[in-house]
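# Fold and geometry: a report
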Amino acid sequence: MTSIINNFDNNHSDENNEAAVLRGVAEAVETPAVAVGAADAALQPPPQQPSEPPPHSAREESFDYVRRMGRGINLGNGLSAPQEGDWQPAVDESYFDDVAAAGFTSVRIPVRWDQHTTAEAPYTVDPEWLARVAQVAQWALSRGLVTILNAHGEHWLIQECSLDMEVYPRPELEARFHAIWRQVAVHFSEYPDDLCFEILNEPYFCMSKPVVDKINRDVLAIIRESNPDRYVLATGGGKKSYESISQLCQSLFESDPKVLGWFHYYNPFPFTKFTPGSGKPNARHTWGGAKDEALVRHHFDEVKAWSDANGVPVLLGEFGANGTCEQASREKYHSFIARVALSRGFAFTVWCDGFGEDAPEKKSVHLRKAGAWDEPIRDALLATFEPEPQGIGAVASGAAGGKSGSGGGRKMGVANEVEVIRGRLVNMKAKSDPLDATLVRWDNGKVGILVGEQGQEQEQGQEQEQGQ
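## A closer look at unusual backbone geometry
Backbone torsion omega between A121 and P122 reads 10 degrees, so that peptide bond is classified as cis. Following N267, the chain continues into P268 via a peptide bond in cis, with omega recorded as -10 degrees. Relative to the helices and strands, P268 is located in the loop between β7 (259-265) and α10 (269-272). The backbone of E202 sits at a positive phi, close to 45 degrees, despite the residue not being glycine.

Listed below in structure tokens is the structure:
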């Protein structure tokens, strides 16, 4: 049940520091900016004009690279199946014609290496599998698509670990993963710049930050032996969803401007995966409105703040909602996530498993057997968007005209303007229970906090697995 806490006053006996911060921010956003007077302006020295533009740094080039990635799609359940053809028909060259013709500019190709690599040292990757992956990558590159190859579905490595471990427990498996990447890196070392590597998909469900930090460092060093200038994507361990990227070890990108960060986003999980009738708690059929949109903005603003502070460009590597969701909400969700990501300078590759009507509970954009699109979702992702406000405190006009409360909540009006000021609030009645909160300004000028169950951190499952 969503409730509204309004009227930040000085009479609450249980006021805590966090609530005081929220109240201070609320007052701050109401305070008009002070203009500089003409006399003051006259005292300011004229701005200096640079004699020539500054050099384009390697880090700026990495942001250019992510802009070139732009809007992309995942070739899910193809090369990431235990064997190609297990979950989808074998990948066909015509798929990349469809992707490029639609207007996408990048493709993420999840690849499972475990089933094609010997179990004993020297851990040889099957040359035929390397050649097949190379063939698919060449098809994508020949269509002008920035192409991402990763290690995907490598549960043999990830699930030997648990989040309380600071050291990976099985060195022989670590050595096998290193050997895989050494062979992959050498095989693709002469490929053009538009081929990008991603170290490991979703390690954070089982691996802590120290464990993922070491894997990232080791694999990046191996890649650099044969690919000194290849762009490489990585994320951190121990935290999932939009928080994973902030766990990246700083040393990884401080000395290497061609390291890019990634995160995945399937919030809110009760909508994107657990549709009504699934038996899951809080399952919901619809998405949209001021509160839903404000929480997405807040999460993406956290990623943007990290990106700006560290100078690391970002890929939103996966997102999407099941085909059993209400169609209008599913279209709105895809459109909104794409718009918020692009407006913050992120590239994206939407998750697509290719099933379509064969498995509506999955997340499909391109229907691979039919060689056709879910056109409303495709169009939602590729639409021309109005500029999206960003940053903590940015006003987002035109949010869906939802009411301010449900149940017994007092109606304040339509939330046409939403300001995300703080994502968490300590419950004043039960201080041990943190609530998700969004500070909003209603159309009647009142400022309040939306509190409800949606913001609960939801795990984003590994959507590439056919059985999940």
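Having seen the model, we can carry on.
## Points about the pairing of strand β5 (residues 195-198)
The alternating pattern of β5 places L195 and F197 and C196 and E198 on opposite faces, both of which are buried. Pairing geometry for β5 and strand β6 (residues 232-234), over 2 bridges, is parallel. Within β6, the residue paired with E198 across the bridge is L233. Once the chain exits β5 it traverses helix α8 (residues 209-226) before rejoining the sheet at β6, and the crossover so formed is right-handed.

## Some details on the sheet that holds strand β9 (residues 347-350)
The strand order around the closed barrel built from 8 strands is β2-β3-β4-β5-β6-β7-β8-β9, with neighbouring strands paired in parallel fashion. Adjacent strand axes in the sheet meet at a mean angle of 25 degrees when their direction is disregarded. Where helix α7 (residues 171-187) meets the sheet, it contacts β4 (146-150) and β5, and its direction lies at approximately 175 degrees from that of β5.

## Here's the deal with the side chain of E198
Topologically, E198 is positioned in strand β5. Given a relative accessible area of 1%, E198 falls into the buried group. A polar side-chain atom of E198 sits 2.8 Å from a polar atom in the side chain of R108. Setting aside anything within four residues of it in sequence, one finds E198 in contact with R108, I148, L149, N150, A151, W181, L233 and W262.

## Concerning the pairing of β9
Of the two faces of β9, both are covered, the one formed by A347 and T349 as well as the one formed by F348 and V350. Of the pairings in the sheet, the one linking strand β2 (residues 71-74) to β9 comprises 3 bridges and is parallel in character. Along β9, the bridge assignment pairs R71 with F348. Across 2 bridges, strand β8 (residues 314-319) lies against β9 in parallel orientation.

## Thoughts on the confidence of the model for the chain
Counting all residues, the mean pLDDT for the chain is 78, and 69% of those residues have values of 70 or more. Contacts from residues 1-55, a stretch scored under 50 in pLDDT, to residues over four places away or in other chains number 70 contacts. Confidence drops under a pLDDT of 50 for residues 392-468, and excluding neighbours within four residues, the segment shows 237 contacts in the predicted structure.

## What about the pattern of salt bridges?
When the charged atoms of two side chains lie near each other, side chains of opposite charge can form a pair. The full count for this structure, using the stated rule, is 21 salt bridges. Across the pair R67 and D64 runs a salt bridge, and its minimum N-O distance is 2.4 Å. Taken together, the residues R67 and D64, both in helix α3 (residues 58-69) and 3 residues apart, mark about one turn of the helix. Here R68 makes a salt bridge to D193, at a shortest N to O gap of 3.5 Å. On the criterion of sequence distance, the pair formed by R68 in helix α3 and D193 in the loop between α7 and β5 is long-range, its members being 125 residues apart.

## Some thoughts on the nonpolar core
Burial of nonpolar side chains together is a common tendency in soluble globular proteins. Counting 100 residues, the largest nonpolar core has F96 and F188 as its most contacted members. If you tally residues by element for this core, the top one is helix α5 (residues 127-142), at 9 residues.

## Quick notes on the packing of aromatic side chains
In this structure the tally under the stated criterion is 19 aromatic pairs. Look at F253 and W306: their rings are 5.7 Å apart centre to centre, the planes differ by 85 degrees, and that puts the pair in the edge-to-face class. Separated by 53 residues along the polypeptide, F253 in helix α9 (residues 250-254) and W306 in helix α11 (residues 290-310) bring together distant segments of the chain. Grouping residues by exposure puts F253 and W306 together as buried. Members of the aromatic cluster, connected to one another through ring pairs, are Y242, F263, Y265, F300 and F346. Above the plane of the ring of W156 lies R176, whose end atom (NZ or CZ) is 4.6 Å from the centre. Between R368 and the ring centre of Y95, over which it is positioned, the NZ or CZ distance is 5.7 Å.

## Points about the packing of α11 against helix α12 (residues 327-343)
In the contact formed by α11 and α12, the axes pass within 10 Å of each other and the chain directions differ by 35 degrees. Regarding α11 and α12, the two cross each other, and that crossing is right-handed. Contacts between α11 and α12 involve E293, V296, R297 and F300 from the first element and F336, I337, R339, V340 and A341 from the second. Broken down by class, the residue content of the contact of α11 with α12 amounts to 6 nonpolar, no polar and 3 charged.

Each value, and the rule that gives it
- Residues numbered from 1 in each chain as written.
- Predicted model: local features only at pLDDT ≥ 70, side-chain atom pairs only at ≥ 80, totals over all residues.
- Heavy atoms only, no water.
- Helix = DSSP H or I, 4+ residues; strand = E, 2+ residues; numbered from the N terminus.
- Buried < 20%, exposed > 50% of the residue type's maximum accessible area, 1.4 Å probe, protein only.
- Pairing = 2+ DSSP bridges.
- Right-handed = clockwise from strand over helix to strand, strands pointing away.
- Axes fitted to C-alpha atoms, helices over the stretch in contact; angles between N-to-C directions.
- Contact = heavy atoms within 4.5 Å.
- Polar contact = N/O pair within 3.5 Å; in protein donor to acceptor, adjacent residues only side chain to side chain.
- pLDDT = per-residue confidence, 0-100.
- Salt bridge = Lys/Arg side-chain N within 4 Å of Asp/Glu carboxyl O.
- Core = buried A, V, L, I, M, F, W, Y, C linked by side-chain atoms within 4.5 Å.
- Phe/Tyr/Trp six-rings, centres within 6.5 Å; stacked < 30°, edge-to-face > 60°.
- Lys NZ or Arg CZ within 6 Å of the ring centre and 35° of its normal.
- Left-handed = near helix turned anticlockwise from the far one by under 90°.
- Nonpolar A, V, L, I, M, F, W, Y, C, P; charged D, E, K, R; others polar.

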